[in-house]
Amino acid sequence: QVQLVESGGGLVQAGGSLRLSCAASGRTFSNYVVGWFRQSPGKEREFVGNINRGGGIGITYYTDSVKGRFTISRDDAKNTVLLQMNSLKPEDTAIYYCAADRTRRGTVASSYDYWGQGTQVTVSL
């Protein structure tokens, strides 16, 4: 198993940037695919993006609403996955979660077995 802890959330103005971190312990994080999700009150948990297993080139996939603004990357030496968020919009306000799975690289929450506690991102107008 792997334990995940998100950090880096906060309050920013529209157009600003945040970098979220997902730190893993328990197992080598590079052995897991990692997805980022977000959830606002009254909404389903929404797929943001994912990245393939580490140790090679990073292959990422993003939902249309964040393409060109968000970037997922790995730092295998630090057992960490990052979510760089630029040009933030109020619509990006949500709790952001990282998730990991040993075998699949899915775009729905049910594809992932391990989840962090979430970190709040609030984007003001």
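Keep in mind it's a predicted model, so treat the numbers as computed, not measured. (Residues numbered from 1 in each chain as written. Predicted model: local features only at pLDDT ≥ 70, side-chain atom pairs only at ≥ 80, totals over all residues. Heavy atoms only, no water.)

Structural notes on the environment of S21
And then number 1: For S21, the position within the fold is in strand β3 (residues 18-25).
And then number 2: Measuring from C-alpha to C-alpha, the distance between S21 and Q84 comes to 8.7 Å, with 63 residues separating the pair along the chain.
And then number 3: Excluding its chain neighbours within four sequence positions, the residues that come into contact with S21 are V5, E6, S7, W36, T80, V81 and L82. (Helix = DSSP H or I, 4+ residues; strand = E, 2+ residues; numbered from the N terminus. Contact = heavy atoms within 4.5 Å.)

Quick word on the pairing of strand β7 (residues 70-75)
And then number 1: Of the two faces of β7, the one holding F70, I72 and R74 is buried and the one holding T71, S73 and D75 is not buried anywhere.
And then number 2: In this sheet, strand β8 (residues 80-85) lies alongside β7 in antiparallel orientation, the contact comprising six bridges. Looking at the pairing, D75 lines up with T80 of β8. (Buried < 20%, exposed > 50% of the residue type's maximum accessible area, 1.4 Å probe, protein only. Pairing = 2+ DSSP bridges.)

What about the pattern of salt bridges?
And then number 1: One pass over the structure, following the stated rule, counts four salt bridges.
And then number 2: Close ionic contact of R38 with D92 constitutes a salt bridge, the shortest N to O distance being 2.9 Å. Highlighted residues: R38 in strand β4 (residues 33-39) and D92 in the loop between β8 and β9 (94-101), separated in sequence by 54 residues.
And then number 3: Among the residues examined, R38 registers a relative accessible area of 5% and is labelled buried.
And then number 4: With its nearest N and O atoms 2.7 Å apart, the salt bridge here joins R69 to D92. With a gap of 23 residues between them, R69 in the loop between β6 (60-62) and β7 and D92 in the loop between β8 and β9 connect regions that are remote in the sequence. Per residue, the accessibility class of R69 equals that of D92, and both read buried.
And then number 5: One continuous salt-bridge network, built from bridges that share partners, spans R38, E46, R69 and D92. (Salt bridge = Lys/Arg side-chain N within 4 Å of Asp/Glu carboxyl O.)

A word on the sheet that holds β7
Either a parallel or an antiparallel arrangement is found when strands of a sheet pair, and the pairing is made through backbone hydrogen bonds.
And then number 1: Strand order in the open sheet formed by four strands is β1-β3-β8-β7, and the pairing between neighbours is antiparallel. Looking at the sheet topology across the chains shown, the edges are occupied by β1 (3-7) and β7. The average undirected angle you get between the axes of adjacent strands in this sheet is 15°. (Axes fitted to C-alpha atoms, helices over the stretch in contact; angles between N-to-C directions.)

A word on unusual backbone geometry
And then number 1: A positive phi angle is found at N79, which is not glycine, with a value near 55°.
And then number 2: Relative to the elements of secondary structure, N79 occurs in the loop between β7 and β8.
And then number 3: The backbone phi angle of S87 is positive, close to 50°, even though this residue is not glycine.
And then number 4: Assignment of secondary structure puts S87 in the loop between β8 and β9.
And then number 5: Residue classification places S87 among the partly exposed positions, given a relative accessible area of 40%.

Nothing here speaks to function; it is all geometry.
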